[in-house]
Amino acid sequence: MGRLVHRSVIIAAAILMLLGCSKPAEPLASPSAKPVERAIATSVAWVKPDGANMDKIFADAKAANKPVFLYWGAVWCPPCNQVKATVFNRKDFIERSQQVVPVYLDGDNPGAQKLGAQFKVRGYPTMIVLRPDRTELTRLPGEVDAQRYLEALELAVSSGLSVRDALQTARSAVPLSGSAQAWRQLAYYAWDQDEAQLVAVIDKTKTLHQLANSVPADQPGAGARLTLKAIVASAQEKSALPDVDQSLKRTQQILGDTKLARECSDILVNYSADVVGALSKANTQQRAVLVTHFNTVLDQLAVDASLSHADRLGAVYAKVVLAKLDLAPGTPFKPAETLLSQVRNAVATVDKAVTSNYERQAVIPSAADLLSEAGQIDASDVLLNAELPNAVSPYYHMLVLSANA
């Protein structure tokens, strides 16, 4: 589903706001209401917590023998609106939502922060599937495309297999039944939002590398995702890779395989600089070759109609980030004309194609930030100022304008 708005000043401001849809969220049910089941549902029957108390919701879930789907978001949050635009309004998600008790928790509502602390959520959006006894089944990734997201949800809901059970299965020396499902669940787990629920923070990177090296050969998609997640984890904690050459070889195989690259598109788009930075040294031929391979994949993703507008925009953003990766501090960025043209075209496309205010809340600040990253500050300001009167919330728009200033 993608997330842009990466500049440090914007992220810093989002952290201060608890770290941080083609249509608006559906009306919330009353606190005491159960989700309404219909033969043909046309919307998600969201339940709203009664302040900081969810006891009745879990009691209702137990009575209905359904897991709880907890969505933690905010109206002003672009990635949250992106989830609404690409997942929550889909017919297949609405149908799946009848298998769970869907809980809509707005982080700005009274009592929400207490619940956020209780369930150990930090960034927006966070989506957790829990058993009626409050045992956590999994945390769903907010960056994968809608189809992969629905697959991850279905894995947890249909099997009742917790990600903790999946980890135990994956670590077993003897292959167990359901091991393929366990590897998929681990590959699509929201590791960046784990909050020490599955493994201790200090053990997360090591665990990811161990998993990446243990994936069976008949699970190439899971292996590719866990490999890249392990590399990103090392990069973000600034630790050396256990085997750089092997990690580089695996990454090149992923980039050279269209199917695997598409399955890992969210990681390749959102963490391209982390992966390239961990696998190569600045201003080397090895890095130049790796960036070329990355750009080939990013160009494919930028025009992939099966991806959302935000995801395609993110692919172009990643190209700009990679183009700036080895610039010395203070050196002006002068993008190649071909890249600059690609940036302008990508922004013009989303500005024209996205008509819903709620989806625009997700993509326009990102489009403006893309222009800024490419050195087009004036164009970024024009886009944002034109959007402000109709914005669902001006928060991120003002962040980008402030960064531009």
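Rules behind the numbers
Residues numbered from 1 in each chain as written. Predicted model: local features only at pLDDT ≥ 70, side-chain atom pairs only at ≥ 80, totals over all residues. Heavy atoms only, no water. Helix = DSSP H or I, 4+ residues; strand = E, 2+ residues; numbered from the N terminus. Buried < 20%, exposed > 50% of the residue type's maximum accessible area, 1.4 Å probe, protein only. Areas by Shrake-Rupley, 256 points an atom, 1.4 Å probe, with all protein chains shown as cover. Pairing = 2+ DSSP bridges. Core = buried A, V, L, I, M, F, W, Y, C linked by side-chain atoms within 4.5 Å. Contact = heavy atoms within 4.5 Å. Axes fitted to C-alpha atoms, helices over the stretch in contact; angles between N-to-C directions. 1 Å grid on protein atoms, 1.4 Å probe; cavity = no way out; pocket = protein on both sides within 12 Å on 5 of 7 lines; lining within 4 Å. Points joined across faces, edges and corners; volume = space filled by probe spheres on them. Salt bridge = Lys/Arg side-chain N within 4 Å of Asp/Glu carboxyl O. Parallel < 35°, antiparallel > 145°, perpendicular 65-115°, else oblique. Left-handed = near helix turned anticlockwise from the far one by under 90°. Nonpolar A, V, L, I, M, F, W, Y, C, P; charged D, E, K, R; others polar. Phe/Tyr/Trp six-rings, centres within 6.5 Å; stacked < 30°, edge-to-face > 60°.

1. What to know about the overall build of the chain
Helix and strand content of the chain: 20 helices and 4 strands. Looking at the 405 residues of the chain, the share that counts as buried comes to 53%. In the structure as shown, the chain presents an accessible area of about 17400 Å², 54% of it carried by carbon and sulfur atoms.

2. What to know about the pairing of strand 1 (residues 68-73)
The element strand 1 is largely enclosed, with a buried count of 6 among its 6 residues. The pairing of strand 1 with strand 2 (residues 101-106) spans 6 bridges and is parallel. Across the sheet, the residue bridging to Gly-73 is Asp-106, located in strand 2.

3. Remarks on unusual backbone geometry
For the peptide bond that leads from Tyr-124 to Pro-125, omega is -10°, which places it in the cis range. Relative to the helices and strands, Pro-125 resides in the loop between helix 5 (112-118) and strand 3 (126-130). Positive phi is not limited to glycine here, since Asn-65 has a value of about 55°. Structurally, Asn-65 is set in the loop between helix 2 (55-64) and strand 1. For Arg-134, which is not a glycine, the phi torsion comes out positive at approximately 80°. For Arg-134, a relative accessible area of 30% translates into the label partly exposed.

4. Side note on the nonpolar core
Core analysis: the biggest nonpolar cluster contains 68 residues, and Phe-69 and Phe-88 have the highest contact counts within it. If sequence neighbours within four positions are ignored, Phe-88 has contacts with Val-44, Trp-46, Phe-69, Tyr-71, Val-83, Phe-93, Ile-94, Met-127 and Tyr-149. Counting 54 residues, the second-largest nonpolar core is a separate cluster that includes Leu-241, Leu-268, Ala-310 and Leu-340.

5. Considerations on the sheet that holds strand 1
Spatially, the 4 strands line up as an open sheet ordered 2-1-3-4, and their pairing is mixed. Each edge of the open sheet is held by one strand with a lone partner, namely strand 2 and strand 4 (136-140). Direction aside, neighbouring strands of the sheet carry axes that sit 20° apart on average. Contacts from helix 3 (residues 78-88) reach strand 1, strand 2 and strand 3 within the one sheet, and its direction differs from that of strand 1 by about 140°. Here helix 6 (residues 146-159) sits on the sheet in contact with strand 1, strand 3 and strand 4, set at roughly 180° to strand 4.

6. Here's the deal with the layout of surface pockets
Each pocket or cavity is described by its volume, and for the second largest pocket that value is around 200 Å³. In terms of lining residues, the second largest pocket is bounded by 13 residues, among which Pro-220, Gly-223, Ala-224, Thr-227 and Arg-250 are the most central. Those elements that provide at least two residues to the lining of the second largest pocket are helix 10 (220-236) and helix 11 (244-255). With 4 residues, the single largest contributor to the lining of the second largest pocket is helix 10.

7. What about the pattern of salt bridges?
Enumeration over the complete set of coordinates arrives at 20 salt bridges. The partner of Asp-203 in a salt bridge is Lys-206, with the nearest N and O atoms 3.9 Å apart. A salt bridge links Asp-266 to Arg-225, with the shortest nitrogen-to-oxygen separation between them at 2.8 Å. Note that Asp-266 is positioned in helix 13 (residues 265-270) and Arg-225 in helix 10, a separation of 41 residues in sequence. The pair formed by Asp-266 and Arg-225 is uniform in burial state, with each residue classed as buried. The network of salt bridges with common partners includes Arg-148, Glu-151, Arg-184 and Glu-263.

8. Things to note about the side chain of Gln-193
Of note, Gln-193 is situated in the loop between helix 8 (179-187) and helix 9 (204-212). Given a relative accessible area of 13%, Gln-193 falls into the buried group. Not counting chain neighbours up to four residues away, the residues in contact with Gln-193 comprise Gly-123, Pro-125, Thr-126, Arg-139 and Leu-140.

9. Some points on the packing of helix 16 (residues 309-323) against helix 18 (residues 357-373)
For the pair helix 16 and helix 18, interaxial distance at closest approach is 10 Å and the crossing angle is 15°. If you check the angle between helix 16 and helix 18, you find them roughly parallel. Handedness of the crossing formed by helix 16 with helix 18: left-handed. Residues His-309, Ala-310, Leu-313, Val-316, Tyr-317 and Val-320 of helix 16 form the contact with helix 18, whose participating residues are Glu-359, Val-363, Ser-366, Ala-367, Asp-369, Leu-370 and Glu-373. Its residues assigned to classes, the contact of helix 16 with helix 18 shows 8 nonpolar, 2 polar and 3 charged.

10. Describing the packing of aromatic side chains
Two descriptors summarise a pair of aromatic rings, namely the distance from one centre to the other and the angle between the planes of the rings. Evaluation of the coordinates by the stated rule reveals 16 aromatic pairs. Note on Trp-46 and Tyr-71: the rings are 6.0 Å apart at their centroids and 45° apart in plane angle, and the pair reads as tilted. Taken together, the residues span a long stretch of sequence, with Trp-46 in the loop between helix 1 (8-16) and helix 2 and Tyr-71 in strand 1 at a distance of 25 residues. Pair check on accessibility: Trp-46 and Tyr-71 agree, each one buried. Ring centres 5.5 Å apart and planes at 80° place the aromatic pair Trp-46 and Tyr-104 in the edge-to-face group. Here Trp-46, found in the loop between helix 1 and helix 2, pairs with Tyr-104, found in strand 2; they are 58 residues apart in sequence, far enough to count as distant.

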